[in-house]
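Commentary on secondary and tertiary structure
Listed below are the residues making up each chain.
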Amino acid sequence: MDSLFIIGFLLICLILIVVISSCFSHKAKKIRDKIIGLSEAIKKRNEIDSVYKERFKELNARHIVLQFNHFNGKKTYDNFCLYSACYNYLYENEIQIRNIVGTIIANRQFKKEYEKEINESFAQTNLEIILTSKIKPKKFYKYEKEIYFSNYMKPAVDFNINLSKGYVTPAGRNSYRENMIKTFEQIFDMLESVEKEKAKRSSEEFRRRYERSLVSDRVRIQILNRDNLTCQVCGESKKNDSSLVLHIDHKVPIAKGGNSDLSNLWTLCKRCNLGKSDLILENIIN
Ligand SMILES: [Zn+2]
């Protein structure tokens, strides 16, 4: 009987606590809403937020995860370099990553301006307005300031690439894993190397095309005449065999830095020209 009474009493206390606290929180919310409705500072803060909401750009993801798990042996796993994998990824996806980098840099700048503007724009609401609210000015100012300086927008100001490689031995006895994180600053630096490499490649591509274009029909005839219609490797001559096909070839291949000066051009028969790789030809010359 006694214990039943105690349980009943505790239950009633609990209900009372819940009811009273919900009343208080309801009242607090009402005061809060009233302050938000009246405060000039909070209105200003909302304006600042809506301006910067337009300026901040969101990213689809704040990091990229690259996992490499398919290795056919421990040795391939060991030889696989996460740094190179990251570099290659940047090389292939340069435009996409540059867009992300641009967004981050812009967001960082806007975030500075955003916080500065919030700090400099704070001005308490006029007393006359507060007096219409039946809220004590001291309380009003306290809440106003609290609300004004809270809930900052959080734009994406950082980005990274998480790389990992893993390998499990066939029997599942051993497993290996390595992780690497490339920070925004590291990605930024790597992009610069990617850009340089691409520029170098494209200028090399341009040079090759240019050198090839220099071998005109006139130049071909000039070389054939100079070499007396004779293959400079095997010595076969069109004068002896009219079916012999002669090519004009670069001694030092364009791909290996050779140019189209007359001294780097020579006559080869089709067999000598096509039946060789660059390497074989080097052996023949030496
Ligand atoms: Zn030949």
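A brief report on the enclosed structure follows. These numbers come from a predicted model, not from an experiment.

Quick notes on the rules
- Residues numbered from 1 in each chain as written.
- Predicted model: local features only at pLDDT ≥ 70, side-chain atom pairs only at ≥ 80, totals over all residues.
- Helix = DSSP H or I, 4+ residues; strand = E, 2+ residues; numbered from the N terminus.
- Rg over C-alpha atoms; globule rule 2.2 N^0.38 Å.
- Buried ≥ 20, exposed ≤ 12 C-beta atoms within 10 Å, placed from the backbone.
- Contact = placed C-beta atoms within 7 Å.
- Pairing = 2+ DSSP bridges.
- Axes fitted to C-alpha atoms, helices over the stretch in contact; angles between N-to-C directions.
- Parallel < 35°, antiparallel > 145°, perpendicular 65-115°, else oblique.
- Left-handed = near helix turned anticlockwise from the far one by under 90°.
- Nonpolar A, V, L, I, M, F, W, Y, C, P; charged D, E, K, R; others polar.

**Here's the deal with the overall build of the protein chain**
- Along its length, the protein chain carries 11 helices and five strands.
- By the compact-globule yardstick of 19 Å for 286 residues, the protein chain is too spread out, its C-alpha radius of gyration being 38 Å.
- Taken over the C-alpha atoms alone, the protein chain extends approximately 125 × 60 × 25 Å along its principal axes.
- Looking at the protein chain as a whole, 12% of its 286 residues qualify as buried.
- Within the protein chain, contacts between residues separated by at least 24 positions form 72% of all contacts whose residues are at least 6 apart in sequence.

**Some thoughts on the sheet that holds strand β2 (residues 160-168)**
- Strand order in the open sheet formed by three strands is β1-β2-β3, and the pairing between neighbours is mixed. On the outer flanks of this sheet lie β1 (63-68) and β3 (175-182), each paired with one strand and no other. Between one strand axis and the next, the sheet turns through 15° on average, direction left out of account.
- Taken together, the six bridges between β1 and β2 define a ladder with parallel strand orientation. Within β2, the position partnered with I64 by the bridge is I161.

**Quick notes on the packing of helix α5 (residues 94-121) against helix α8 (residues 184-213)**
- Two elements in contact, α5 and α8, have axes separated by 11 Å at closest approach and are oriented at 135°. Looking at the two axes, α5 sits oblique to α8. Crossing angle aside, the handedness with which α5 passes α8 is left-handed. When α5 is examined against α8, the residues E94, I97, R98, V101 and I104 are found in contact with a partner set consisting of F184, I187, F188, L191 and V194.
- Broken down by class, the residue content of the contact of α5 with α8 amounts to eight nonpolar, no polar and two charged.

By themselves, these figures tell us nothing about what the structure is for.
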